[in-house]
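Analysis of the macromolecular model
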Amino acid sequence: MEWAGWPAVKGAFMEEEVLAQIASSLIKGQAPRVQELVQSCLDQGVAPETIMDQGLVSAMSLIGRRFKKGEIYMPEVMIAARAMNAGLAILDPVLSQSDVEPRGRLLLGTVRADLHDVGKNMVSMMFRGAGFEVIDLGVDVPEARFVEAMTEHSLDVVGLSALLTMTIPQLKSTIEAIVAAGLRDRAIVMVGGAPVTEAYALEIGADGWAPDAASAVDRALELMASRR
Ligand code: B1M
């Protein structure tokens, strides 16, 4: 359905309908429309977490399922991801606003040869929302760049993201590079991304793993507390 302003049903704000419109605009890859609708939802007082889960993430999951079934192709996936990131950019300042004192510093990146950044960006937002300073190295980050950044910053957590079966070994090689540089005890190392399991995280010597962005913050705080 085309967006034509707020539905005026008994003057009520139809949250579910607008969230569904966010999802459908994301699926069509309409980044400016997604931004407009996300902003309008925020203006109407819808919780940013609701917009993220019911508007953005649900639509991106559908894109993933359609791609897997061969119903859509890479260009559609790319424009949907662009629309997702555009929506996240509107939510970012709101989710990152926090009264909490700075709790720590996170170095974050998607590992070498992996270009997926939607989940990583959500991890970044959640940590910032919890009062962390986040140094985001972006995507396709070589092992040496993580090591270099660890020497440049005083850190509490290093977060590595990987979305491909093919790039999971880069989680291991990045941790090995950190160990080889003598920096392993400088920070907690956490790994995540859809194909990464807790068992694998422990096997490769990470301190922690989380299935999603919100739990990643909780796990990092637990690990930090247990170090003190
Ligand atoms: Co790609 N891709 N992709 N893709 N892509 C997947 C991952 C895939 C599962 C699709 C499929 O086949 N069903 C599949 C991987 C299969 C596998 O290896 N097991 C795949 C493939 C094969 C590929 C290519 C190889 C395709 C090709 O070229 N033939 C190619 C590789 C490119 C490369 O990286 N070198 C490719 C390319 C792309 C696009 C560029 C088109 C685009 C990425 C755009 C972008 O990110 N800017 C893309 C997308 C969008 C996807 C899907 C559809 C969606 C990923 C996503 O954004 N999910 C994905 C299918 C799917 O996941 N259903 C797919 C939403 C996001 C919120 O979830 O990223 O899992 P996620 O993050 C979560 C958690 O995992 C966790 O928290 C996040 C939020 O809760 N998490 C962490 C993430 N990092 C964490 C770190 C932590 C803790 C938790 O601690 C540090």
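Look up: the structure comes first, before these words.
Just so it is clear, the structure is predicted and the values come from calculations on it, not from any experiment.

An order of β2-β1-β3-β4-β5 is seen for the 5 strands of this open sheet, with the pairing classed as parallel. Every other strand in the sheet has two partners, leaving β2 (132–136) and β5 (208–209) as the edge strands with one partner each. Of the strand pairs in this sheet, strand β4 (residues 188–192) and β5 are connected by 2 bridges, and their pairing is parallel. Bridged to V191 within β5 is W209. Along the sheet face, helix α7 (residues 168–180) touches β3 (157–161) and β4 and points at about 150 degrees away from the line of β3. Relative to the sheet, helix α9 (residues 213–227) contacts β1 (104–110), β2, β3, β4 and β5, its axis offset from that of β4 by approximately 160 degrees.

A separate point is the side chain of T174. Relative to the elements of secondary structure, T174 occurs in helix α7. Those residues in contact with T174, other than ones at most four positions away along the chain, are V111, E143, F146 and L160.

Once that is clear, we can look at the site of the ligand. The environment of the ligand is formed by 34 residues, the closest being L115, H116, D117, S161 and T165. Contact distances for the ligand include 3.1 Å between an oxygen atom and a backbone N or O atom of A194. Among the detected pockets, the ligand sits in the largest pocket. At the level of secondary structure, the elements contributing two or more residues to the shell around the ligand comprise α3 (48–68), α4 (74–96), α5 (118–129), β3, β4 and α9. Looking at which element gives the most residues to the shell around the ligand, the answer is α4, with 5 residues. Looking at the shell around the ligand residue by residue, the class counts come to 21 nonpolar, 9 polar and 4 charged.

About the cut-offs
- Residues numbered from 1 in each chain as written.
- Predicted model: local features only at pLDDT ≥ 70, side-chain atom pairs only at ≥ 80, totals over all residues.
- Heavy atoms only, no water.
- Pairing = 2+ DSSP bridges.
- Helix = DSSP H or I, 4+ residues; strand = E, 2+ residues; numbered from the N terminus.
- Contact = heavy atoms within 4.5 Å.
- Axes fitted to C-alpha atoms, helices over the stretch in contact; angles between N-to-C directions.
- Near = heavy atom within 4 Å.
- Polar contact = N/O pair within 3.5 Å; in protein donor to acceptor, adjacent residues only side chain to side chain.
- 1 Å grid on protein atoms, 1.4 Å probe; cavity = no way out; pocket = protein on both sides within 12 Å on 5 of 7 lines; lining within 4 Å.
- Sits in = over half its atoms within 2 Å of the grid points.
- Nonpolar A, V, L, I, M, F, W, Y, C, P; charged D, E, K, R; others polar.

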